[in-house]
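The lines below spell out each chain.
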Amino acid sequence: NATPLANVFWKDKKLLITAGPTFEDLDPVRFLGNRSSGKMGFAIAEQAQKLGAQVTLIAGPVNLPTPQGVERIDVRSARQMFAAVQQCYAQNAIFISAAAVADFALAQSSEQKIKKQAGQEGLTLELVKNPDIVAWVAEQKPKPFVVGFAAETQNVIGYAQDKLQRKKLDMICANQVGENLGFESDENRLTLITAGVEKALTTSSKSQQAVELLDYIAEVIEAS
Ligand code: CTP
Ligand code: CA
């Protein structure tokens, strides 16, 4: 259960969350995607709404029900997610970027299904970098309190600290993926990192991790 501080803090707070993967279309039948399930971002949305927050959830292509009382905006590509965030961020006090945004999109996507040629033995795709959504929000003035995620397979804390600084985030949630944790899993073990402080959570359900994250955001903002 959330702390008394979190209960007071989140009441009527406006919170924007991105969740899930983004898909980058090659043609009408194929895409580049990733293994994000969206469960962590959806769990945060659900728990924040239960604490009384006004939650907007920008969701990539996921197979999850909308948490009760949450306003949901569905998108597919990173560019669409960026456009939705640009529309919404200024109305929110806190932004949590839980989405696994594709780093690259196709340089051009084909309007018709791509056909292979007789004898074709390979295919080279040209990709172009997508905008960094969370870094963009962190550069705005005024800006919400910005929380990122870092899903890593190795050097988890080191890479997360690097992203915290490079993207000028207020907090980052470091996340070991693999070993039944992280992507597609119902459990998680986040380490919450701000400038100078690391708070390691113990492994638990994504709902429980969400509550502890929301507690900690309240604590950090109230102490600042
Ligand atoms: N992110 C984003 N827009 C992007 C890429 C990432 O908003 N185009 C956000 C993610 O939502 C997450 C944080 O940035 O909150 C870190 O994402 P991650 O993929 O770990 O960082 P990258 O900078 O893309 O680094 P990597 O090369 O490890 O993928
Ligand atoms: Ca990335």
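Residues numbered from 1 in each chain as written. Chains lettered and ligands numbered in written order. Predicted model: local features only at pLDDT ≥ 70, side-chain atom pairs only at ≥ 80, totals over all residues. Heavy atoms only, no water.

- The name an unreviewed UniProt entry assigns to the protein chain is Coenzyme A biosynthesis bifunctional protein CoaBC, from the organism Thiomicrorhabdus xiamenensis.

1. Regarding the pairing of strand β1 (residues 14-19)
Link 1 in the chain: The buried count for β1 comes to five of six residues, which makes it a mostly enclosed element.
Link 2 in the chain: Bridge count between β1 and strand β4 (residues 54-59): six bridges; the pairing is parallel. The residue bridging T18 from the neighbouring strand is I58, located in β4. (Buried < 20%, exposed > 50% of the residue type's maximum accessible area, 1.4 Å probe, protein only. Helix = DSSP H or I, 4+ residues; strand = E, 2+ residues; numbered from the N terminus. Pairing = 2+ DSSP bridges.)

2. Examining the site of ligand 1
Link 1 in the chain: Surveying the vicinity of ligand 1 reveals the residues S97, A99, V101, D103, P131, D132, I133, V134, G148, F149, K163 and K167.
Link 2 in the chain: Here a nitrogen atom of ligand 1 and a backbone polar atom of P131 are 2.8 Å apart.
Link 3 in the chain: Alone, ligand 1 offers 570 Å² of accessible surface; in the complex the protein occludes 77% of this.
Link 4 in the chain: Elements with a minimum of two residues in the shell around ligand 1: α4 (133-139) and β9 (145-152). (Near = heavy atom within 4 Å. Polar contact = N/O pair within 3.5 Å; in protein donor to acceptor, adjacent residues only side chain to side chain. Areas by Shrake-Rupley, 256 points an atom, 1.4 Å probe, with all protein chains shown as cover.)

3. Observations concerning the pattern of salt bridges
Link 1 in the chain: Scanning all chains against the criterion turns up 10 salt bridges.
Link 2 in the chain: The partner of E46 in a salt bridge is K50, and the shortest N-O contact between them spans 3.3 Å. Highlighted residues: E46 and K50, both in helix α2 (residues 39-50), separated by four residues, approximately one helical turn.
Link 3 in the chain: We classify K50 as exposed; its relative accessible area is 56%.
Link 4 in the chain: One salt bridge connects K143 with D170, and the closest N-O pair in it is separated by 2.8 Å. (Salt bridge = Lys/Arg side-chain N within 4 Å of Asp/Glu carboxyl O.)

4. Structural notes on helix α5 (residues 156-166)
Link 1 in the chain: For α5, the set of buried residues is V156, A160 and L164. Buried positions in α5, seen along its axis, are confined to an arc of 65° and lie on one side of it. Residues of α5 that are exposed and point over 90 degrees away from its buried face: Q165 and R166.
Link 2 in the chain: As for α5, its buried residues are in contact with β9, β10 (171-176) and β12 (190-194).
Link 3 in the chain: Phi turns positive, to about 55°, at K168, one or two residues after α5. (Arc of directions from axis to C-beta. Contact = heavy atoms within 4.5 Å.)

5. A few points about the side chain of Q47
Link 1 in the chain: Within the secondary structure layout, Q47 lies in helix α2.
Link 2 in the chain: With near-sequence residues (within four places) excluded, Q47 lies in contact with S207, A210, V211 and L214.

6. Looking at the coordination of the calcium ion (ligand 2)
Link 1 in the chain: Here the calcium ion (ligand 2) is held by D103 (OD) and D103 (OD), and the distances to it run 2.5 Å.
Link 2 in the chain: When you line up the elements, D103 lands in the loop between β6 (94-97) and β7 (104-106). (Donors = N, O, S within 2.8 Å, 3.2 Å for Na, K, Ca; no water.)

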